[in-house]
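Tertiary structure, described
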Amino acid sequence: MKNWEKNVRKVVPYVPGEQPKEDHLIKLNTNENPYPPSPKAEQCLRELEISAFRKYPDPECRELIQAISRAYGVPESRIFAGVGSDDVLAMLFLTFFHGTAPILFPDITYSFYDVWAELLRIPYETVPLDEEFAIRPGDYQRENGGIIFPNPNAPTGRLLSLDLIKEILDANSDSIVIVDEAYIDFGGESALPLIDQYENLIVVRTFSKSYSMAGMRIGYAFGQEHLISYLNDVKFSFNSYTMNLPALKIGAAVISDQEYLSMTKNKIIKTREWFSKEMRALGFSFSESASNFLFVTHEKVDAKELFEALKKAHIYVRHFRKPRIDQYLRITIGTDEEMQTLVAFLKEYL
Ligand SMILES: *Cc1c(COP(=O)(O)O)cnc(C)c1O
């Protein structure tokens, strides 16, 4: 080993779902929204003044934060924005998880959490979900340096009720508790109203799933003023100009269109309910999903083999080669037509 190599920060990176190049495929592997973003996005893009690109964007993301504030009725001082919720989450880890006690998150969850913990040398412990993949709040009643979990959880799709979230918050008033609400619009009850009551709660959201804007990279977080202020101190010590001008403007336009959000999310929920019935009829088992995907297993079918067979048929889903879930597939809810094609394939396959 060369001497300089000893000084390299060595990490095992997060592996995102495949983004295949071929046309004519059914892509149900990264929880993208099958519908386009609000038409306000296109209108806003057309009106962008290219000469404005000459200047740095607003480091305070004012226009976007004002629009988020209006959409959710939360004061601007309680909102933080970043380059997708991955950027927001990385900033949260950097800012709030700086203690010596281990941070806690479920053993089956968003697989970026352990990557950030490793990158930033944050001690962590995973807390096993129960047999039905539910979070048990009682398991979070021990010393910790912070807590994070998605609600609904990913890749399980299971929702935790607000009462149970309060149980975790009440038992951990000395810790920062982060609720990652990437999928909350697909039928869950948000913890956002709890930020008034809990000075240690942060709620994270994204434009990538319900707002159909994964490609624009916009995420945000809600929390009391003192938390947002700590977060901004770290952000401005790292990179002042995180969000680019088009993302700030288009994000503001899209979040103002709550009517469109409600229409597309209802379509996805309706498709999910139909697809769930079909999948149960085919012998798949899974817990009820409050997200835009199902996490399914089948007694008679090997998940990896089915994953490969689907891929040959140009249908992409997600398989995780991990303990406890290697016999499961995560399937994003696409359009009705896409899900019908998938169901027809599965009928044939079985
Ligand atoms: C998709 C996802 C994110 C990241 O979304 P961004 O595209 O970075 O906004 C964060 N958390 C969970 C649980 C997700 O599924």
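Here we come to the overall build of the protein. Secondary structure summary: the protein contains 10 helices and 12 strands in total. For 350 residues, the compact-globule estimate of 2.2 N^0.38 gives 20 Å, and the C-alpha radius of gyration of the protein, at 21 Å, lies within 12% of that figure. Within the protein, the fraction of its 350 residues that count as buried is 52%. A fraction of 72% describes how many contacts in the protein between residues 6 or more apart in sequence connect residues 24 or more apart. Summed over its atoms, the accessible surface of the protein is roughly 17100 Å², and 50% of this surface lies on carbon and sulfur atoms.

This part covers the site of the ligand. By nearness alone, 13 residues border the ligand, and S85, Y183, T206, S208 and K209 come closest of all. In the environment of the ligand, an oxygen atom lies 2.6 Å from a nitrogen or oxygen atom belonging to the side chain of S208. For the ligand, whose accessible area on its own is 380 Å², the fraction buried by protein is 92%. If one sorts the elements of the shell around the ligand by residue count, helix α3 (residues 84-96) sits on top with 4 residues. Taken together, the residues of the shell around the ligand sort by class into 5 nonpolar, 4 polar and 4 charged.

Next up on the list: the side chain of T264. By the secondary structure assignment, T264 is in helix α8 (residues 258-281). Beyond its immediate stretch of four places on either side in the chain, T264 contacts Y35 and S210.

Next up on the list: the pattern of salt bridges. Tallied over the full model, the rule gives 16 salt bridges. For K311, the salt bridge identified is with E18, shortest N-O distance 3.0 Å. Note that K311 is positioned in helix α9 (residues 303-312) and E18 in the segment before β1 (26-27), a separation of 293 residues in sequence. By relative accessible area, which is 25% here, K311 ends up partly exposed. Look at the salt bridges and you will find they share partners, linking E60, R62 and E76 into a network.

Before going further, it helps to spend a moment on the sheet that holds strand β12 (residues 329-332). With antiparallel pairing, 3 strands are arranged side by side in an open sheet as β9-β10-β12. The two strands at the open ends of the sheet, each matched to only one other strand, are β9 (284-285) and β12. Note: strand β10 (residues 293-298) against β12, 4 bridges, orientation antiparallel. Looking at β12, one finds that V296 is bridged to L329.

Now for a negative patch on the surface. Among the surface-exposed residues, D163, E167, D170 and E189 lie close enough to one another that they form a single negatively charged patch. With respect to the secondary-structure elements, E189 resides in the loop between β6 (177-180) and β7 (201-206).

The next point concerns the packing of aromatic side chains. Counted under the stated rule, the structure contains 23 aromatic pairs. Ring plane angle 45° and centroid distance 6.1 Å describe the contact between F133 and F295, whose orientation is recorded as tilted. One end of the pair, F133, is in the loop between β4 (124-127) and β5 (147-150); the other, F295, is in strand β10, and 162 residues separate them in sequence. Of the two residues, F133 and F295, neither departs from the other in class, the shared state being buried. Each residue in the set Y14, F93, F97, F105, Y110, F112, Y113, W116 and Y124 is aromatic and connected to the rest through ring pairs, giving one cluster. Directly above the ring of F236 sits K235, whose terminal nitrogen or CZ lies 4.9 Å from the centroid. We note R280 situated over the ring of F286; from NZ or CZ to the ring centre the distance is 3.8 Å.

Looking now at the domain arrangement of the protein. Domains assigned within the protein are domain 1 (18-37 + 259-349) and domain 2 (39-256). A separation of 25 Å is found between the C-alpha centroids of domain 1 and domain 2. Note on domain 1 versus domain 2: buried area summed over both sides is about 2200 Å², and carbon and sulfur give 61% of it. In this structure, the connection of domain 1 to domain 2 is made through 1 salt bridge. Close ionic contact of R324 with D107 constitutes a salt bridge, the shortest N to O distance being 2.7 Å.

F149, L201, F207 and F222 are the most contacted members of the largest nonpolar core, which totals 52 residues. At 7 residues, the largest contribution of residues to this core is made by helix α7 (residues 245-255). Residue contributions to this core reach at least three from each of two domains, namely domain 1 (18-37 + 259-349) and domain 2 (39-256). Ignoring any residue separated from it by four or fewer positions in sequence, one finds F149 in contact with P106, Y113, I135, L160, I165, I168, V177, I178, V179 and D180. Formed by 31 residues, the second largest nonpolar core is a distinct cluster that contains L28, Y35, I268 and L346.

Criteria and thresholds
- Residues numbered from 1 in each chain as written.
- Predicted model: local features only at pLDDT ≥ 70, side-chain atom pairs only at ≥ 80, totals over all residues.
- Heavy atoms only, no water.
- Helix = DSSP H or I, 4+ residues; strand = E, 2+ residues; numbered from the N terminus.
- Rg over C-alpha atoms; globule rule 2.2 N^0.38 Å.
- Buried < 20%, exposed > 50% of the residue type's maximum accessible area, 1.4 Å probe, protein only.
- Contact = heavy atoms within 4.5 Å.
- Areas by Shrake-Rupley, 256 points an atom, 1.4 Å probe, with all protein chains shown as cover.
- Near = heavy atom within 4 Å.
- Polar contact = N/O pair within 3.5 Å; in protein donor to acceptor, adjacent residues only side chain to side chain.
- Nonpolar A, V, L, I, M, F, W, Y, C, P; charged D, E, K, R; others polar.
- Salt bridge = Lys/Arg side-chain N within 4 Å of Asp/Glu carboxyl O.
- Pairing = 2+ DSSP bridges.
- Patch = residues over 30% accessible without salt bridge, like charges linked within 9 Å, V, L, I, M, F, W, Y side chains within 5 Å.
- Lys, Arg positive; Asp, Glu negative; His and termini not counted.
- Charge placed at Lys NZ, Arg CZ, Asp CG, Glu CD.
- Phe/Tyr/Trp six-rings, centres within 6.5 Å; stacked < 30°, edge-to-face > 60°.
- Lys NZ or Arg CZ within 6 Å of the ring centre and 35° of its normal.
- Domains from an automatic or database assignment.
- Buried area = accessible area lost by both parts, 1.4 Å probe.
- Core = buried A, V, L, I, M, F, W, Y, C linked by side-chain atoms within 4.5 Å.

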